[in-house]
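# Fold and geometry: a report
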Amino acid sequence: MMKRKYSVIVPVYNVEKYINECLSSLINQTYKNIEIVVINDGSSDNSLSLIEEYSRIDDRIRVIDQKNMGLGYTRNVGIDNAVGDYILFVDSDDYISLNTCEEIEAVLSYNNEVDIIVLGRYRFADEVYMQDPISKGKTCFETGESYLLHCVKNECFTASSCNKVFNRSFLEKNELRFDTGVLYEDLLFVFKALICSSSLIVMDSPYYYYRWNRKDSIINTIKEKDKDVLYTVNMMEKFLVQKNKIYLKENALYKELIFTWVGNALLFKYPQKKPFSIRANRIVKEGLNDMNFKKYVQYFWVNGSVKKKWKLVAFCVYKACIASGITPILWKLGLLRNPQTALSATAVARRPIFSIQPPFTPWRILHICAQSASPTAKQPGNMTVVFKMISLWMMV
């Protein structure tokens, strides 16, 4: 039997500091029947020169150069140009284990024509590595939908497309492509793929290395485009209607997925990054005023059968948003102290009336929510969260 070919798609944008580590992990794979499709998405640094240098070393690398079109468009270019049986996405600041493709091939030799394979993943920053849970003991799933619900229930869902291997015929058959021009295209693409999938295998060992918490990473900046997550939610619902799976919208685990995803994308990041930003406050409020998302917040607040943790988070989302609207105004007036700012002569002259600092601002309450809601965070027990939240709220 002829060995399968794997297409590794690498979108590149201004990653000259990291691209060597990424491409080295690919050209040195122990399994050799691979192609590496590298798309330079209009980089303004030295990334393209480095890529071309690698392509001269290894003829399995195909370089595509284009003007800046965004991540979703660039990944689609990779899919359209791939010829392998299976497709892997590797972000250009990440890397994979040298035996990744060999281990995937070993699994597929016993499970022919699987739609999706989920790979274990490490998050790393500053030489600290943390393994993300991707399943709770189960490795084979009859459908992607069952895997999705299993992961949400066990709080181990990762929306990234980069720790998943896709059968190229499966992608073509279901006409699956990334939405372009939006953030959080991963969630929508992976969600659609899981809903369409009739077979999925989990490989628990960590093969993918995800560079986490880069200061210049797109996920660590404050931007209007973060509201695209609301578009993503709407498109997910439309897709369920299209696939005659409208029943999933009423599933409590699906509601939990939406609630936590929007929370992590919009509501929990800004309290940590910009606790005194008027702009960040506005973005959060616009998210909370989205009529579609309000349904999910209301569900967790009023429904008596949901976990107390989610009920409390929903309550604090509403309350903290109202209170946080006042926080930056008080700070601008000099009534609150911003602990991130050095106490200059001007700051001394405007010594605050109230000395309220994180974690005791309403914004920081949302950050405590994040510790509870994030599927990748180490989570305290439910009652610990409850007492912590109530105590903090009383101090605001």
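About the thresholds
Residues numbered from 1 in each chain as written. Predicted model: local features only at pLDDT ≥ 70, side-chain atom pairs only at ≥ 80, totals over all residues. Heavy atoms only, no water. pLDDT = per-residue confidence, 0-100. Contact = heavy atoms within 4.5 Å. Buried < 20%, exposed > 50% of the residue type's maximum accessible area, 1.4 Å probe, protein only. Helix = DSSP H or I, 4+ residues; strand = E, 2+ residues; numbered from the N terminus. Arc of directions from axis to C-beta. Axes fitted to C-alpha atoms, helices over the stretch in contact; angles between N-to-C directions. Parallel < 35°, antiparallel > 145°, perpendicular 65-115°, else oblique. Left-handed = near helix turned anticlockwise from the far one by under 90°. Nonpolar A, V, L, I, M, F, W, Y, C, P; charged D, E, K, R; others polar. Pairing = 2+ DSSP bridges. Phe/Tyr/Trp six-rings, centres within 6.5 Å; stacked < 30°, edge-to-face > 60°. Lys NZ or Arg CZ within 6 Å of the ring centre and 35° of its normal.

### Details of the confidence of the model for the chain
Looking at the chain, pLDDT values average 80 and 71% of them are 70 or higher. pLDDT under 50 marks residues 324-363. Its contacts with residues more than four places away, or in other chains, come to 71 contacts. Below a pLDDT of 50 lies the segment residues 373-396, which in the model reaches 44 contacts outside its immediate sequence neighbourhood of four places, other chains included.

### Here we look at helix α11 (residues 278-288)
All of the buried residues along α11 are Ala280, Asn281, Ile283, Val284, Gly287 and Leu288. Around the axis of α11, the buried residues are gathered within 165° of arc, so they sit on the same side.

### Details of the packing of helix α8 (residues 228-242) against helix α9 (residues 252-267)
In a packed pair of helices, the relevant descriptors are the angle between the two axes and the axis-to-axis distance. Two elements in contact, α8 and α9, have axes whose closest approach is 10 Å; the angle formed by their N-to-C orientations is 160°. Between α8 and α9, the crossing angle belongs to the class labelled roughly antiparallel. Where α8 crosses over α9, the handedness of that crossing is right-handed. For the pair α8 and α9, the contacting residues are Val229, Leu230, Val233, Met236, Glu237 and Leu240 in the first and Tyr254, Leu257, Ile258, Trp261, Val262, Ala265 and Leu266 in the second. For the contact of α8 with α9, a count of residues per class yields 12 nonpolar, no polar and one charged.

### A few points about the side chain of Asp228
Along the chain, Asp228 turns up in helix α8. If near-sequence neighbours (up to four positions away) are discounted, Asp228 is found in contact with Gly181, Val182, Leu183 and Tyr184.

### Some remarks on the environment of Lys17
Looking at where Lys17 falls in the secondary structure, it is placed in the loop between β1 (6-12) and α1 (19-27). We classify Lys17 as exposed; its relative accessible area is 66%.

### Section: the pairing of strand β7 (residues 128-132)
Bridging between strand β6 (residues 116-125) and β7 involves five bridges; their strand directions are antiparallel. Each bridged residue has a counterpart across the sheet, and for Tyr122 the counterpart in β7 is Gln131.

### What about the environment of Val8?
Looking at the secondary structure, you find Val8 in strand β1. Spatially, the C-alpha atoms of Val8 and Val165 are 9.5 Å apart, while their sequence positions differ by 157 residues. In this structure, Val8 is in contact with Leu26, Glu35, Ile36, Val37, Leu88 and Val90, ignoring residues within four places of it in sequence.

### Notes on unusual backbone geometry
The backbone phi angle of Glu155 is positive, close to 55°, even though this residue is not glycine. Positive phi outside glycine occurs at Asn244, with the angle close to 55°. Assignment of secondary structure puts Asn244 in the loop between α8 and α9.

### A short note on the packing of aromatic side chains
In this structure the tally under the stated criterion is 17 aromatic pairs. Each ring, one from Tyr95 and one from Tyr209, has its centre 4.6 Å from the other, and the planes form 10°; the classification is stacked. With Tyr95 in strand β5 (residues 95-96) and Tyr209 in strand β10 (residues 200-211), this pair connects stretches of sequence that are 114 residues apart. Comparing Tyr95 with Tyr209 shows no difference in burial state: the two are buried. Between Phe259 and Phe293, the aromatic rings sit 6.1 Å apart at their centres with planes inclined by 20°, giving stacked as the arrangement. Of the two residues, Phe259 sits in helix α9 while Phe293 sits in helix α12 (residues 291-302), which places them 34 residues apart along the sequence. The same class applies to Phe259 as to Phe293, namely buried. An aromatic cluster of three or more residues is present, and its members are Tyr95, Tyr122, Phe124, Tyr129 and Tyr209. The lysine or arginine in question, Arg75, covers the ring of Phe89, its NZ or CZ lying 5.8 Å from the ring centre.

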